[in-house]
Amino acid sequence: MEYVGIAEGLKMPILGYGTWSATDKELETAIEAALEAGYRHIDTAHVYENEKVIGDVLKRWMEAGKIKREDIFLVTKLPPGGMRTAGVPKYLRRSLDLLQVDYVDLYLVHTPFAFKDIEGELHPMTADGKIDLDLSTDHLAVWKAMEEQVDKGLTKSIGLSNFNIKQIQNVLDNSRIRPVSLQIELHAYLQQRELVEFCKKSNIAVTAYSPLGNPGLTTFFTKFGKKIELPNILKNPTVNQIAKKHKKAPAQILLKHIVQNGICAIPKSTNPQRLRDNIEIFDFKLDDTDMKELDGLDKGVRLVDFTLFDGIKDHPEYPFPELR
């Protein structure tokens, strides 16, 4: 495993296990397999509704003496419904209780926009079927509350997710404890070079979610009554040609391209063999020609634009101005 230093004395494994859209027994079995395969960076979020399952498995492993708490780099996120000063400690405490730990290693602000905080409704809707937005979002007030969670020892570090450059700079300019990490959609078809370069210059580690293009995203959109067709990056001819050259799976090539650029990746799979394959990318290196060809696949194709939530673009902090 390779690591990215994100804070004094704190290292994040460059490859982690993503858990979005996985719940219950399927996830329990997958987390067991991931830990057996060597994953020690586990990414979740309160809105994934799977923190309890992850906590159960981690507790079982720790009680059995297989791992210690300090062996695991655990990430969770403040939900959009908690995007206010009082919401930060409320939802972090709730996440800690579900995960059954005293602290997380990294706590992220999940989105720059906010929903109304309605108990039992992670995605509250208005009577006309639109997402129930809280338009009074104050990033600086939220960030101050995030800093207080570090002071209390409830998280070792704090960061952002789905923020754009302008929003990140605003936090940087007004922070006492700087964000150490940014989690964004990033894959061969959406390489976000300007944002990545900005983060590198600002000493912010980048983590790529949906690093394989998220083949399971169609199912998630269907839950919200949306039908979409997504490109299958795993079937791209260039990716498969390079995979054949290195005798690796296409997913391994896509992940290697990301981590070789110094970016963390959190692929999600509940298939034991595929999740083992995903972590076995440290025994080869892509050459300059490979990297150039993979760089050339960038199409600016955003898969997770949050428009499955009708009305989301009405929020003043919707992070993708080019999609307004």
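Criteria and cut-off values
Residues numbered from 1 in each chain as written. Predicted model: local features only at pLDDT ≥ 70, side-chain atom pairs only at ≥ 80, totals over all residues. Heavy atoms only, no water. Helix = DSSP H or I, 4+ residues; strand = E, 2+ residues; numbered from the N terminus. Rg over C-alpha atoms; globule rule 2.2 N^0.38 Å. Buried < 20%, exposed > 50% of the residue type's maximum accessible area, 1.4 Å probe, protein only. Contact = heavy atoms within 4.5 Å. Areas by Shrake-Rupley, 256 points an atom, 1.4 Å probe, with all protein chains shown as cover. Right-handed = clockwise from strand over helix to strand, strands pointing away. Pairing = 2+ DSSP bridges. 1 Å grid on protein atoms, 1.4 Å probe; cavity = no way out; pocket = protein on both sides within 12 Å on 5 of 7 lines; lining within 4 Å. Points joined across faces, edges and corners; volume = space filled by probe spheres on them. Phe/Tyr/Trp six-rings, centres within 6.5 Å; stacked < 30°, edge-to-face > 60°. Salt bridge = Lys/Arg side-chain N within 4 Å of Asp/Glu carboxyl O. Axes fitted to C-alpha atoms, helices over the stretch in contact; angles between N-to-C directions. Left-handed = near helix turned anticlockwise from the far one by under 90°. Nonpolar A, V, L, I, M, F, W, Y, C, P; charged D, E, K, R; others polar.

Draft legend 1. Main features of the overall build of the protein. Scanning the protein from terminus to terminus reveals 11 helices and 10 strands. Relative to the compact-globule value of 20 Å for 324 residues, the protein shows a C-alpha radius of gyration of 19 Å, a close match. Dimensions of the protein, computed from the C-alpha atoms along their principal axes, are close to 55 × 50 × 40 Å. The buried share among the 324 residues of the protein stands at 55%. For the protein, contacts bridging at least 24 residues in sequence account for 72% of all contacts bridging at least 6. Carbon together with sulfur atoms contributes 48% to the accessible area of the protein, which is approximately 14400 Å² in total.

Draft legend 2. Looking closely at the pairing of strand 5 (residues 73-78). Extensive coverage of strand 5 is indicated by the burial of six of its six residues. In this fold, the crossover linking strand 4 (residues 41-43) to strand 5 by way of helix 2 (residues 51-63) has right-handed handedness. Handedness of the crossover joining strand 5 and strand 6 (residues 106-109) through helix 3 (residues 87-99) is recorded here as right-handed.

Draft legend 3. Seen up close, the sheet that holds strand 3 (residues 17-18). Within the open sheet, the eight strands sit side by side as 3-4-5-6-7-8-9-10. Their pairing is parallel. Each end of this open sheet is capped by a strand with a single partner; those strands are strand 3 and strand 10 (264-265). In this sheet, strand 4 lies alongside strand 3 in parallel orientation, the contact comprising two bridges. Bridge pairing links Y17 to I42 in strand 4.

Draft legend 4. Quick look at the layout of surface pockets. Looking at the second largest pocket, its volume works out to about 260 Å³. Around the second largest pocket sit 16 residues that line it, and N164, Q192, L195, R302 and E322 are the ones nearest its centre. Of all the secondary-structure elements, those providing two or more residues to the lining of the second largest pocket are strand 8 (181-185) and helix 6 (193-201). Among the elements that make up the lining of the second largest pocket, the one with the highest residue count is helix 6 (three residues).

Draft legend 5. Quick look at the packing of aromatic side chains. Tallying each qualifying case throughout the model produces six aromatic pairs. Where F113 meets F115, the ring centres are 5.8 Å apart and the plane angle is 25°; that geometry is what we call stacked. The residues F113 and F115 share a single accessibility class, namely buried. Aromatic pair F115 and F309: ring centres 5.6 Å apart, planes at 75°, arrangement edge-to-face.

Draft legend 6. Inspection of the environment of M125 at higher detail. Among the secondary structure elements, M125 is positioned in the loop between strand 6 and helix 4 (139-151). It is 9.1 Å that separates the C-alpha atoms of M125 and D310, two residues lying 185 residues apart in sequence. M125 has contacts with K130, I131 and D132, leaving out every residue within four places of it along the chain.

Draft legend 7. Region of interest: helix 9 (residues 250-259). The buried fraction of helix 9 is high, at nine of 10 residues. Those residues of helix 9 that are buried lie in contact with strand 9 (205-209), helix 8 (237-246), strand 10, helix 10 (272-279) and helix 11 (288-295).

Draft legend 8. Broad picture of unusual backbone geometry. At N162, a residue that is not glycine, the phi angle is positive and equals roughly 65°. With respect to the secondary-structure elements, N162 resides in the loop between strand 7 (158-161) and helix 5 (165-173). According to the relative accessible area criterion, N162 is buried, its value standing at 4%.

Draft legend 9. View of the pattern of salt bridges. In the structure shown here, the tally under the stated rule is 18 salt bridges. Where E119 meets R94, a salt bridge forms, and the shortest distance between an N and an O atom there is 3.0 Å. Residue E119 is located in the loop between strand 6 and helix 4, and its partner R94 is located in helix 3; the two are separated by 25 residues in the primary sequence. What you see here is one network of salt bridges that share partners, running through K25, E28, E32 and R60.

Draft legend 10. Here's a closer look at the packing of helix 1 (residues 24-37) against helix 10. Remark: helix 1 packs on helix 10, axes separated minimally by 9 Å, with the N-to-C direction vectors making an angle of 35°. Along this stretch, helix 1 crosses helix 10, giving a crossing that reads as right-handed. Together, A30, A33, A34 and A37 of helix 1 and P272, L275, R276 and I279 of helix 10 make up the contact between the two elements. Of the residues belonging to the contact of helix 1 with helix 10, the class tally is seven nonpolar, no polar and one charged.

Draft legend 11. Representation of the environment of F282 in the model. Of note, F282 is situated in the loop between helix 10 and helix 11. With a relative accessible area of 27%, F282 lands in the partly exposed category. Along the sequence, F282 and Q260 sit 22 residues apart, while their C-alpha atoms lie 9.7 Å from each other. Setting aside residues up to four positions removed in sequence, F282 forms contacts with M1, E2, I14, L15 and K256.

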